[in-house]
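Residues per chain, in single letters:
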Amino acid sequence: MLRRLRKYGGGARGVVTLISSTAPLVIVGGLLYAGLFVKAEAVVQKVEPPPIERRDTFYAVVAPDSHVVWAAGTGGKIVRSEDGGQSWVRQASNTEANLQGIAAWDSDNAMAVGNDGVVIVTRDGGRSWTRAEIPPSTNPNKLFRVRIAGEAAWAVGEFGAVLRSTDRGANWSRVLPEEDRAWNDITFVGDAGWLVGEFGALMRTADGGATWESVATPNEVSLMSVAFRDAEHGVAVGLAGTLLVTEDGGASWQQVPAFTREHLYAVMWDEDHWLAVGDKGEMATAQADAQQWQLGRVAEGDVSWRTGVARAGTRYFLAGSNLAVLDNGTLSVAGHKRM
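Bear in mind the structure is a predicted one, so any value in this text is a computation, not a measurement.

Caption draft 1: Looking closely at the overall build of the chain. Each helix and strand counted, the chain has two helices and 28 strands in total. The buried share of the chain, reckoned over its 339 residues, is 49%. Contacts in the chain between residues at least 24 apart in sequence constitute 41% of all its contacts with a sequence separation of at least 6.

Following this line, the structure appears as structure tokens:
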């Protein structure tokens, strides 16, 4: 036994030598086992895109109060701000159709309309949007605008679509027969209402939309938007810089001499003056009589096209090739740097 210990180095030193010589084999074996039999679980971190991306296009915007703003656009995108445009959150609209119009009674109740006759409604500030059914049609029924008149809602679009809801967007009925003409906008002051559309088409109602009559206009250029400051005084704007005014409730219209060839897509009465926006960043304003108009730009260097405008507090929100905020003359694109 003594001779055997001496042969292998003797005593504890021999044991240490034996262990140290086999350690690399143990480590290698462990690594091979882990590589062959132990499968690591991949950790994938999902990167959420920002609520507003550079590629987004917004066709409509609404501000039910000085803090809450909604905007709707391509691919069913709806975004909402609760701090006057400082930050935005994307909401699940449950549709991928382009949304062309949006309107709201208050910060909880709103609706949006768009391609393929899509109408979606929310009762909880946009946390959930549900699809509403419209009357069946063999036509595409792309809907361009949705407006509120008291408790009623009105939507207009292609093929003569004029739809009304009396239960805040849950159910809809067709008011006028379908025809090969698009209606682009509708507005009401009490029971008086006005429709504008293709080729200078204009209609008015005095009984809340129960009956409508056609009204002649000075030209046949398509009208894109209409607004009234009271039941007598209104403005309609359209393609190629078309601008019409009325002082008799829409019974007759006069054309303002052309001062731009750019399309005008949206007009609003803004407390004490008129405001219209359109192509290439152009903006037109006028006093209450709507006779003398001033042409300018939304902001210096801005050439974006604008299809909608809304005011929240002192800020103006503009829909179009992007979602922009005009604050005391400074324009910024939502989600991006100031221009």
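Next comes the rest of the description.
Caption draft 2: Representation of the pairing of strand E19 (residues 243-246) in the model. Neither face of E19 is exposed, since Leu243 and Val245 on one face and Leu244 and Thr246 on the opposite face are all buried. Across four bridges, the pairing between strand E18 (residues 234-238) and E19 is antiparallel. What sits directly across from Ala236, in E19, is Leu244.

Caption draft 3: Region of interest: the environment of Glu262. Along the chain, the position of Glu262 falls in the loop between strand E20 (254-255) and strand E21 (264-269). When the C-alpha positions of Glu262 and Val277 are compared, they lie 9.8 Å apart, and in sequence the two are 15 residues distant. With near-sequence residues (within four places) excluded, Glu262 lies in contact with Ala240, Gly241, Asp279, Lys280 and Glu282.

Caption draft 4: Quick peek at the side chain of Asp185. Relative to the helices and strands, Asp185 resides in strand E13 (residues 183-189). Within the local environment of Asp185, its side chain forms a polar contact with the backbone nitrogen of Val226, the two atoms lying 3.1 Å apart. Setting aside its immediate chain neighbours within four residues, Asp185 contacts Arg145, Arg147, Val156, Trp194, Leu195, Val196, Met224, Ser225 and Val226.

Caption draft 5: The packing of aromatic side chains, seen in detail. Applying the stated rule across the entire model yields nine aromatic pairs. With a centroid separation of 6.2 Å and an interplanar angle of 75°, the aromatic rings of Trp70 and Trp129 are classed as edge-to-face. Taken together, the residues Trp70 in strand E2 (residues 69-73) and Trp129 in the loop between strand E7 (119-122) and strand E8 (130-131) connect sequence positions 59 residues apart. Pairing Trp194 with Phe228 gives two aromatic rings, centres 3.5 Å apart and planes at 10°, and the pair type is stacked. Of this pair, Trp194 sits in strand E14 (residues 192-197) while Phe228 sits in strand E17 (residues 223-228); the two residues are 34 residues apart in sequence, bridging distant segments of the chain. Overall, Phe228 belongs to the buried group, its relative accessible area being 9%. An aromatic cluster of at least three residues, connected via ring pairs, comprises Trp154, Phe188 and Trp212. The cationic tip of Arg80 hangs over the ring face of Trp70; the distance from NZ or CZ to the ring centre is 4.6 Å. Directly above the aromatic system of Trp269 lies the positively charged group of Arg229, at a separation of 5.6 Å from the ring centroid.

Caption draft 6: Looking closely at the pattern of salt bridges. Under the defined criterion, the tally for this structure stands at 16 salt bridges. A salt bridge links Glu82 to Arg80; the nearest nitrogen and oxygen atoms lie 3.0 Å apart. Among the salt bridges present, the one from Glu213 reaches Arg204, with a minimum N-O distance of 2.8 Å. Several salt bridges share partner residues, and in doing so they unite Glu53, Arg55, Asp56 and Lys77 into one network.

Caption draft 7: Layout of the side chain of Lys77. Along the chain, Lys77 turns up in the loop between E2 and strand E3 (78-81). Residue Lys77 is classed as buried on the basis of its relative accessible area, which comes to 3%. Setting aside its immediate chain neighbours within four residues, Lys77 contacts Pro51, Ile52, Glu53, Asp56, Phe58, Ala71, Ala72, Arg90 and Leu99.

Caption draft 8: Representation of the sheet that holds strand E24 (residues 293-297) in the model. Within the open sheet, the four strands sit side by side as E21-E22-E23-E24. Their pairing is antiparallel. Only two strands of the sheet have a single partner each, and these edge strands are E21 and E24. Neighbouring strand axes in the sheet, compared pairwise and without regard to direction, differ in orientation by 20° on average. Here four bridges tie strand E22 (residues 274-278) to strand E23 (residues 282-286), and the two strands are oriented antiparallel to one another. Within the sheet, the bridge partner assigned to Leu275 lies in E23 and is Thr285.

What counts as what
Residues numbered from 1 in each chain as written. Predicted model: local features only at pLDDT ≥ 70, side-chain atom pairs only at ≥ 80, totals over all residues. Heavy atoms only, no water. Helix = DSSP H or I, 4+ residues; strand = E, 2+ residues; numbered from the N terminus. Buried < 20%, exposed > 50% of the residue type's maximum accessible area, 1.4 Å probe, protein only. Contact = heavy atoms within 4.5 Å. Pairing = 2+ DSSP bridges. Polar contact = N/O pair within 3.5 Å; in protein donor to acceptor, adjacent residues only side chain to side chain. Phe/Tyr/Trp six-rings, centres within 6.5 Å; stacked < 30°, edge-to-face > 60°. Lys NZ or Arg CZ within 6 Å of the ring centre and 35° of its normal. Salt bridge = Lys/Arg side-chain N within 4 Å of Asp/Glu carboxyl O. Axes fitted to C-alpha atoms, helices over the stretch in contact; angles between N-to-C directions.

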